[in-house]
Structures are given as structure tokens and as C-alpha cells.
Amino acid sequence: MSREWRRPSHPRAPQIPRARGGRAQRAVYLLLALCAAALYLAGEPLVPAARSLTFHFATLQIGALLKGACYLAEEIFHLQSRHHGSFWRALSTCFPPRWHGSMLLLCASAYVALLGDGQPLGLQLGLASLCQLLILALGLQKPSAVEVSEMSERSKQNVAHGLAWSYYVGYLKIVLPRVKKSMEEFSSANPNLLVCRKTWKLHILIPLSCDVCDDLEKADSNIQYLTDLSETTMARAGTKKRVYKHSLYAIRDEENQLWHCAVEYATPLQSLYAMSQDECAAFSREERLEQAKLFYRTLEEILQSSKECAGTYRLIAYEEPGEEETHFLSREILWHLRQQHQEEFAVHEGTPLPTPSTALDSAELNLQISVSDLPQPLRSDGF
């Protein structure tokens, strides 16, 4: 009999933000409908309301054009370096929505058609321009932190996006497809150590604090270096015989048993940490945490879409506890190792988990090889 097994959530799993959806745009449509309904229920005369609406809309278009003109005053001094010497290219970058001018003409025409008694049109447009320039001068139209974050995420221009793609293209895409083979070679020579094939992966540590320790044994005394897996050597970016390798560790649990796995930190986190320590980078701790979470999410999305890396990795993201815990890191790794053991053996109900080895010494693997080339029965009793 088999049963469906669901992986339980980690009790200390960090909250990784998902990509933003379209709720803000839907909220715009909802508020638009409410405002239209409120104006209709107010019973105001149609012509004055339409005149005010077109004027306010025209005012917004004037503000967008004036803002673009201010940016153009700077960009004309960078035509060669930024816009390949093209004035029209600079113009298009300062006025990205091409319909601002046409919408302004349309609103002005509608306003003139609905114009009644009051101030001259020229005076009203002048006051609107003055109001928009004051808003620009006071910086009241600057995007909020949420808008900047959303624009950066959608355009894939965050620091985390670049680091995640660089880490994947320059390292993981090279080494991950070879992890299984390295694990298989090691398991053949040491059959009692890597008993669970689900753990034949590269376990990548992603501390959201970006505090990466170069020596895992110093970070946690329950983590012991065992050996290195077989090396991968290849020419890379002008370097002859560049070596890629992974270290195998023994993780000691609460019952003094050893669990074995290949584990290492995600090295790009060191760059995020260094940026937060350098005043020139102007990178705060809050921004570092946000980028670390975005790095994890981006890397996870990249690896999930990579067929050649499927089943060769395990991302372990965690937040270090406020209080110093001596063996927090080893417990974090052990939780993931136990989950992988359950994933492999829970398909048969009642199958006990394999007991990890309690010593680092490898045992000999005894193979029974048949002298005949004919197929042999699986049972020893001849049935």
C-alpha cells in the first residue's frame, strides 16, 4: 500500500515574498467605478462636471510634458555617451508614452468646446503649469518605495536578479549536472554513508543575513568535514583547467548519529554583505535583507525552469535566531536531510527510515556476481 506524503512546512522557515500580482491595478478599477458612481449620485450638472474633468486631465498631461522637458534639459548633454548621438532617441526616453501630446490636444479641444463663463483658457493653462512645476520642484511626484521596488522587480534590474543569474550561469549550471555522478562514485566506494539517494544533491545554504562563514566546522561544531567529491576540470573564461569541486560533510544529530551530505554557502551573498558594509554602495541592512530574499526567490525560479539541474540541488534559506544558538546551522541542515529521507521512503507505508552511520569509516560493498550471462531469479530459494 502507498500513501500520499506531503512535506510539512518548516517551523522556522523564513517568509520569502512572492512576486507582486495585479491587485493594485484592480484596486484602481474599483475606485474608478466608485468615484463615477458617487458623481452620478451627486446629481451635478453634466456640462460643468465634464469641463472640470477634462481640465484636470489636461493638467496631468501638462505635468507629464513639463517633467519630460526637464529631464531632456539634462539628457541633451549626454547624447553621445547615452543615446548614440541621437536627439530623437533622447527625446523618446524622456517622453516614453507617445500619447501625452495627443491626449493634451484632445482634452484642450474638449475643454474649449465646453468652455463657459469664467477665466480665460490661457490663464487657466498657465496656472496649471505653475502648479505642476511647483510639484516637481518640491519632489512631490517621486515614486514611493513600493513603486520603485515593483518597477525594479518587473524589469529584472535588482542587484539580486543579477547575482542570481550570474551564480546560475557561471557556476550552478556547470556543476549541478555532475553532482549525481560524483555522489554515485563516492557511494560506490563508501556504500554505508550515502544510503539515501534523495540526499545526493548539492545543499546550498542561503542565510538571509548574508553572513557567510568560510569554515563550516567553525560555524557549528556538529558539522565535520569528511572529504571532497571528485573534481570537475574545464577551461573557463581564459583559465586553463579550472577546478570545480564540492565538500562532503558529516552532520551529527542529537542522538550522536551522522548524516552525510554535500553542502556549501551561496557565495553571491558575500557580495551583498560587503555592499552593506561599504559606504560607497549606499546599501542599508533593510535593503540587504530584501535583496537576499529576492535572490532566493529568483534563484529558485531559475533552477525550477532548468531541466538539466532538476533533482540536483536543495536550497536551504534561513534566518539566524536572535539569540546565539551553538548548533542552529546543523539542526537546520538536519531538518532538510530528514525531509529528503521521508520523501524517499514514505511511498511504502510502514517502511522505517534508514539509520545513519555512526562512524566516518567506510565499509566494503559486497557484490554477488553471477558467472552466467543468463537472467537469474531474484529470490535465493529458486521460486
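Residues numbered from 1 in each chain as written. Predicted model: local features only at pLDDT ≥ 70, side-chain atom pairs only at ≥ 80, totals over all residues. Heavy atoms only, no water.

A look at the overall build of the chain
Helix and strand content of the chain: 13 helices and seven strands. A burial count over the chain gives 33% of its 383 residues as buried. Partitioning the contacts of the chain with sequence separation of at least 6, the portion at a separation of at least 24 is 71%. When the accessible surface of the chain is summed, it comes to about 24700 Å², and 56% of that surface belongs to carbon and sulfur atoms. (Helix = DSSP H or I, 4+ residues; strand = E, 2+ residues; numbered from the N terminus. Buried < 20%, exposed > 50% of the residue type's maximum accessible area, 1.4 Å probe, protein only. Contact = heavy atoms within 4.5 Å. Areas by Shrake-Rupley, 256 points an atom, 1.4 Å probe, with all protein chains shown as cover.)

Comments concerning the packing of helix H11 (residues 268-277) against helix H12 (residues 285-304)
Axis separation between H11 and H12 bottoms out at 10 Å; the angle between their running directions is 165°. By the angle between their directions, the pair H11 and H12 is classed as roughly antiparallel. Both H11 and H12 take part in a crossing whose hand is right-handed. Across the interface between the two elements, Pro268, Leu269, Leu272, Tyr273, Ser276 and Gln277 from H11 touch Arg288, Gln291, Ala292 and Phe295 from H12. Partitioned by chemical class, the residues of the contact of H11 with H12 number six nonpolar, three polar and one charged. (Axes fitted to C-alpha atoms, helices over the stretch in contact; angles between N-to-C directions. Parallel < 35°, antiparallel > 145°, perpendicular 65-115°, else oblique. Left-handed = near helix turned anticlockwise from the far one by under 90°. Nonpolar A, V, L, I, M, F, W, Y, C, P; charged D, E, K, R; others polar.)

Quick word on the packing of aromatic side chains
Working definition: an aromatic ring pair is given by the centre-to-centre distance plus the angle between the planes. Within this structure, the stated rule accounts for seven aromatic pairs. Measuring from centroid to centroid gives 5.8 Å for Tyr167 and Tyr171, while their planes differ by 20°, and the two rings are stacked. Of the two residues, Tyr167 and Tyr171 are both situated in helix H8 (residues 159-175); the distance of four residues between them amounts to about one turn of the helix. Taken individually, Tyr167 and Tyr171 each receive the classification buried, so the pair is uniform in this respect. On the numbers, 6.2 Å between centres and 35° between planes, the contact of Tyr167 with Phe295 is tilted. Of the two residues, Tyr167 is situated in helix H8 and Phe295 in helix H12; the sequence distance between them amounts to 128 residues. For the residue pair Tyr167 and Phe295, the accessibility class agrees, reading buried in each case. (Phe/Tyr/Trp six-rings, centres within 6.5 Å; stacked < 30°, edge-to-face > 60°.)

Some remarks on unusual backbone geometry
Of note in the backbone geometry, Cys210 takes a positive phi value of approximately 65° without being a glycine. Taking relative accessible area as the criterion, Cys210 reaches 1% and is therefore assigned buried. The phi angle at Ala237 is positive, at roughly 55°, despite the residue not being glycine. Counting through the fold element by element, Ala237 comes out in the loop between strand E3 (232-236) and strand E4 (239-244).

A word on a nonpolar patch on the surface
Nonpolar side chains collect at one region of the surface, where Ile76, Phe77, Phe87 and Trp88 lie side by side and expose about 510 Å² of accessible area between them. Residue position: Ile76 is located in the loop between helix H2 (46-75) and helix H3 (79-83). Residue classification places Ile76 among the partly exposed residues on the basis of a relative accessible area of 37%. (Patch = residues over 30% accessible without salt bridge, like charges linked within 9 Å, V, L, I, M, F, W, Y side chains within 5 Å. Salt bridge = Lys/Arg side-chain N within 4 Å of Asp/Glu carboxyl O.)

Considerations on H12
An ideal rise of 1.5 Å per residue puts 28 Å on 20 residues; H12 measures up with 29 Å between its terminal C-alpha atoms. The complete set of buried residues in H12 reads Arg288, Gln291, Ala292, Lys293, Leu294, Phe295, Tyr296, Arg297, Thr298, Leu299, Ile302 and Leu303. (Expected span 1.5 Å × (residues − 1).)

Side note on the packing of H2 against helix H4 (residues 87-94)
Two packed helices can be described by the angle between their axes and the distance between those axes. Contact geometry of H2 with H4 gives a least axis separation of 9 Å together with a crossing angle of 140°. Read as a crossing pair, H2 and H4 show a hand that is right-handed. On the side of H2, the interface is formed by Gly68, Tyr71, Leu72 and Glu75, while H4 contributes Phe87, Ala90, Leu91 and Cys94.

Quick notes on the UniProt feature "transmembrane region" (unreviewed entry) in the chain
Mapped onto this structure's residue numbering, the UniProt feature "transmembrane region" (unreviewed entry) falls at residues 27-43. A helix fraction of 94% and a strand fraction of 0% characterise residues 27-43, whose end C-alpha atoms lie 25 Å from each other. (UniProt positions renumbered as here; feature names shortened; annotations may be inferred.)

Structural notes on the nonpolar core
Nonpolar side chains in soluble globular proteins tend to end up buried together. Membership of the largest hydrophobic core comes to 57 residues, with the highest contact counts inside it found for Leu172, Ile206 and Phe295. When residues in this core are grouped by element, the largest group, nine residues, is from H8. For Phe295, the contacting residues outside a window of four places in its chain are Ala160, Leu163, Ala164, Tyr167, Ile206, Ala266, Pro268 and Leu269. (Core = buried A, V, L, I, M, F, W, Y, C linked by side-chain atoms within 4.5 Å.)

As for the side chain of His246
Inspection of the secondary structure puts His246 in the loop between E4 and strand E5 (247-252). Of the polar contacts made by the side chain of His246, one reaches the side chain of Glu264; its length is 3.2 Å. Setting aside anything within four residues of it in sequence, one finds His246 in contact with Tyr171, Val175, Val179, Leu202, Thr227, Asp228, Leu229 and Glu264. (Polar contact = N/O pair within 3.5 Å; in protein donor to acceptor, adjacent residues only side chain to side chain.)

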